[in-house]
Amino acid sequence: MTEKFNAAIRIATILSDGKSKRTSVEGTTVFEFPQNADRVQVVGLRGHIINLDYPESLNDWSRVDLKELVWAEPQKVVTAGKIGAALKQLASEADEVIIATDFDREGELIGVEALELIREARPEIRVRRARFSALTKWDIEAAFANLVEVDYPLAWSAESRQSVDLAWGAVLTRFLSIASNQLGRDYLSVGRVQSPTLALVVDREREIENFVPQDYWTLSARFHKEVEGKPIEFETHHEHGPFWARREAEAALAEAERTSRGLVKEYIQNEREERPPPPFNTTMFVAEANRIGFGAAQAMKLAEDLYQSGFISYPRTDNTVYPSTINLRSVLEKLRDSPFAEEAQRLLGQERIVPSRGRTQATDHPPIYPVQGVGRDKVKRQDHWRIYELVVRRFFATVAPNAVAEVAEAKIDLSGQVFLAEGYHLKEPGWRTYYPYWTAREAILPPLAVDESLDRAGPVSLREDRTQPPPRHSEGSLIQEMERLGLGTKSTRHEIIKKLYDRKFIEGKYPRPTTSGRAVIEALEDHAQRITQPEMTAHLEADMEGIATGVRAREDVVRESQQMLSEVLETLEANREAIGQEVEAALREQNYIGKCNVCKEGNLTVIRSRRGNRFLGCDRYPACRNTHPLPQMGIIQSAAENCPECGAPMIIHTDRGRTTTYCVASDCPTVREKNFIGRCEKCGDGELTIRHGTYGKRFVGCSSYPKCDNSYPLPQRGLIVPTDQRCNACGHPVIRVIMRERRPWVLCLNMKCPAKDGKRRKTKGKGGAKKAARPRKAKPVPVVADVPTG
């Protein structure tokens, strides 16, 4: 049994030398092949096929006492019936089952859950475990040649976490949602680890808001010296650093300005070796991926895909030390079959490879590293390739020589005022050659001698500045802080952050709390602070680790957690009314956009439909049925002022770093100008404009609808820029589409454009089951190709 379908394909292919046959058992795909005298069947699970949940009798939020829910015993529910049925049928004829799920807590539990179903059909079946860190031929064959016993305490640890998280999530979510009247699809989800994580974001936002900037002044002076006939200028800064009083800074400036020559009082120059970065563990990997533009959850999903494809090692690991079992030269040999061949060959030329190492040495999985050299023909998607390259280059850096830099420091006296200079020159780039994500900033400082006299280049500079507030966390730095505080695990931290985004508690590339996210934390801090602090959660995380190592009994840990939750609930219930009022008021503020531009009495608020799509609606509905479409992605905020053209409210929309402000009224002249495509040639009377449908999907439609039903679909992502052009091939309107992840392109709106039809004929059949007929050569049409941007 493997954890996922893709892993089943790879393992079956490796163990059968590509000769396995695909069959179906109870609607589930099974790979089968002979091995010596045995018949081997490989089945892929779908992650957890058994979940913990409460009995149906406890799912009525309005009737169930939360105190009862605290101590309730969850039940196991099979969520993949076909796979469960297939396991039972396969087990009835099997002598042995080998669990080949990922080797970590969740993987062990996924295997043990499936094993429970198997033992219903075959209680006495023999069970063994295959442990591996990469889906490569060598790793898989080695794992199946050295099978081990199932680690039940590891699985119990994961199951205990499920039980604990279910209880905390259910009780806190129901309490907060009921107290603030947020029921149905508008419920407020709160969790054991989510709350202290959200508190970290709220705390940082308060630090920024409460920060009081302070003025300060700095002095700098430039000097020049001729070296081999060439004049070299360099900059120095006053040794005092920032002056917090302008008078002191001006006095130092006056003294320094008294002479135009400086005297070198001290000069030190030496070489400094710079060690390479340590190998990637999960936290370091996510932080680095975040620095180059990937969200935490997105980076882990891409890494998981690369692991499942057999290109990198298992991406969930705490280890930062390569075990001796990894042949580093062999890894480099494999990378010679990739676009990085030249760099791999250069590193192979080292007489001795001494890898860098981090602080954490674990025995479950090695650090993340490439296990196969591949090119763009196998990793075709750009995002996957960027993550693969990041892993390759980090590995290169860890096995490369130290970098060597020439560093220098000098003290230069100007009329008793001492200025400091620093020089940095990268003499031997070493590992920096292979890891371009970290740049070294050169600083010029020519060779100097003590008591040498230098000419000042220009006046001494006095600069006024202000202190800056701390920056917001990035997703990467937030994960690092969670790790430091013991919040979550390497496998769950990115998922926790994603949940906070999905539940609209945080927003933006650099997480900041929404009004509702802040209200939840402030209400809990005022009345049940323990929930928002990391200590309690970190204590439970340590207990989970104790179960895995056999130090704690799972029953004791679950009981201790229930006692904590019971005490927290008692505090919450005592402050139910105050908590509900605070959260409810914050949600009203968050969703308010402005006064209704139709009835003039109600308020326009952000509303979500049954399908989860957002739109603006009047809160006097059904007396007033005024609605306006909204973008489905990004952050929506109310603008400070109404539209100067028509008086309707305006919104600020931020998505993927792009911020636009516009009027909510679709008939406003400012909106018409932005969305106007051209005259409708079908009816001759209406205008073609960008519009939004019932579920928020955008399209081009005629203003004379329903009299004229002329419409065109639009891409649902990217910025749409109308043009005054018409397609050369069919005469329909042409637009320009701009997306961050690819070059802008020009698009004909006509789905039946002959130019597009020619393009489809060219690509039809690639990768399909049937070979396509050779298409006729289509004429090149500029409006459907990538075009350079101005």
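Above this text you will find the structure in question.
Just so it is clear, the structure is predicted and the values come from calculations on it, not from any experiment.

Draft legend 1. Main features of the overall build of the chain. When its secondary structure is counted, the chain shows 21 helices and 30 strands. Along the three orthogonal principal directions, the C-alpha set of the chain runs to about 95 × 75 × 75 Å. Taken across its 790 residues, the chain has 49% of its residues classed as buried. In the chain, the share of contacts with a sequence separation of at least 24, taken over all contacts with a separation of at least 6, comes to 65%. Accessible surface, the chain as shown: approximately 40,700 Å² in total, 48% of it carbon and sulfur.

Draft legend 2. Quick look at the sheet that holds strand β2 (residues 28-35). On the basis of which strands lie adjacent, the open sheet formed by 3 strands has the order β1-β2-β3 and antiparallel pairing. With one partner strand each, in any of the chains shown, β1 (21-25) and β3 (38-43) form the two edges of the open sheet. Geometrically, the sheet is characterised by an average inter-axis angle of 40 degrees between neighbouring strands, direction not taken into account. Where β2 lies against β3, 6 bridges are found, and the strand directions are antiparallel. Along β3, the bridge assignment pairs F31 with V42. Strand contacts of helix α1 (residues 5-15): β1, β2 and β3, with the helix running at about 15 degrees to β2, the strand carrying the most contacts.

Draft legend 3. Summary view of helix α12 (residues 341-348). Among the residues of α12, E343, A344, L347 and L348 are the ones counted as buried. Looking straight down α12, one finds that the buried residues subtend no more than 140 degrees of arc, so they occupy a single side. Packing partners of the buried residues in α12 comprise α11 (328-334) and α13 (382-398).

Draft legend 4. Representation of the pattern of salt bridges within the structure. Going through the model one piece at a time under the given rule, you end up with 59 salt bridges. Between E545 and R105 there is a salt bridge, with its nearest N and O atoms 2.3 Å apart. Of the two residues, E545 sits in helix α17 (residues 534-548) while R105 sits in helix α4 (residues 105-121), which places them 440 residues apart along the sequence. Of the charged contacts in the structure, one is a salt bridge between E507 and R512, with a shortest N-O distance of 3.4 Å. The exposure class of E507 is buried, given its relative accessible area of 17%. Bridged by salt links that share partners, the residues D203, R206, E209, R518, E522 and E525 form one connected network.

Draft legend 5. Examining the nonpolar core more closely. Among the nonpolar cores identified, the biggest contains 126 residues, and W168, F285, I312, Y388, F395, F396 and L572 are the most heavily contacted of them. Residue contributions to this core peak at 10 residues, all from helix α6 (residues 152-179). Counting 28 residues, the second-largest nonpolar core is a separate cluster that includes L87, A94, L115 and I118.

Draft legend 6. Structural detail: the environment of L448. Among the secondary structure elements, L448 is positioned in the loop between β12 (417-428) and β13 (453-456). Overall, L448 belongs to the buried group, its relative accessible area being 9%. When the C-alpha atoms of L448 and H473 are compared, they prove to be 42 Å apart, with 25 residues separating the residues in sequence.

Draft legend 7. Unusual backbone geometry, seen in detail. Omega for the bond connecting Y621 with P622 falls within 30 degrees of zero, at 10 degrees, which places this linkage in the cis form. Residue position: P622 is located in the loop between β19 (614-618) and β20 (627-629). One non-glycine residue, E26, lies in positive phi territory at about 55 degrees. Looking at the secondary structure, you find E26 in the loop between β1 and β2. With a relative accessible area of 42%, E26 lands in the partly exposed category.

Draft legend 8. A look at α6. Taking 1.5 Å as the rise per residue, α6 with 28 residues should run 40 Å; its terminal C-alpha atoms sit 40 Å apart, in good agreement. Across the 28 residues that make up α6, a large majority, 23, are buried.

Draft legend 9. Summary view of the environment of Y187. Looking at the element boundaries, Y187 is found in the loop between α6 and α7 (194-210). When the C-alpha positions of Y187 and R174 are compared, they lie 8.0 Å apart, and in sequence the two are 13 residues distant. Excluding residues within four positions of it along the chain, Y187 makes contact with W61, T173, S177 and Q182.

Draft legend 10. Fine view of the packing of helix α9 (residues 282-291) against helix α10 (residues 296-308). Two elements in contact, α9 and α10, have axes separated by 9 Å at closest approach and are oriented at 115 degrees. The angle between α9 and α10 places the two elements in the roughly perpendicular class. The crossing of α9 and α10 is right-handed. Only A296, A299, M300 and A303 of α10 make contact with α9, whose side of the interface consists of T282, F285, V286 and A289. Classifying every residue of the contact of α9 with α10 gives 7 nonpolar, 1 polar and no charged.

What counts, and at which threshold
- Residues numbered from 1 in each chain as written.
- Predicted model: local features only at pLDDT ≥ 70, side-chain atom pairs only at ≥ 80, totals over all residues.
- Heavy atoms only, no water.
- Helix = DSSP H or I, 4+ residues; strand = E, 2+ residues; numbered from the N terminus.
- Buried < 20%, exposed > 50% of the residue type's maximum accessible area, 1.4 Å probe, protein only.
- Contact = heavy atoms within 4.5 Å.
- Areas by Shrake-Rupley, 256 points an atom, 1.4 Å probe, with all protein chains shown as cover.
- Pairing = 2+ DSSP bridges.
- Axes fitted to C-alpha atoms, helices over the stretch in contact; angles between N-to-C directions.
- Arc of directions from axis to C-beta.
- Salt bridge = Lys/Arg side-chain N within 4 Å of Asp/Glu carboxyl O.
- Core = buried A, V, L, I, M, F, W, Y, C linked by side-chain atoms within 4.5 Å.
- Expected span 1.5 Å × (residues − 1).
- Parallel < 35°, antiparallel > 145°, perpendicular 65-115°, else oblique.
- Left-handed = near helix turned anticlockwise from the far one by under 90°.
- Nonpolar A, V, L, I, M, F, W, Y, C, P; charged D, E, K, R; others polar.

Geometric values such as these leave the question of function open.
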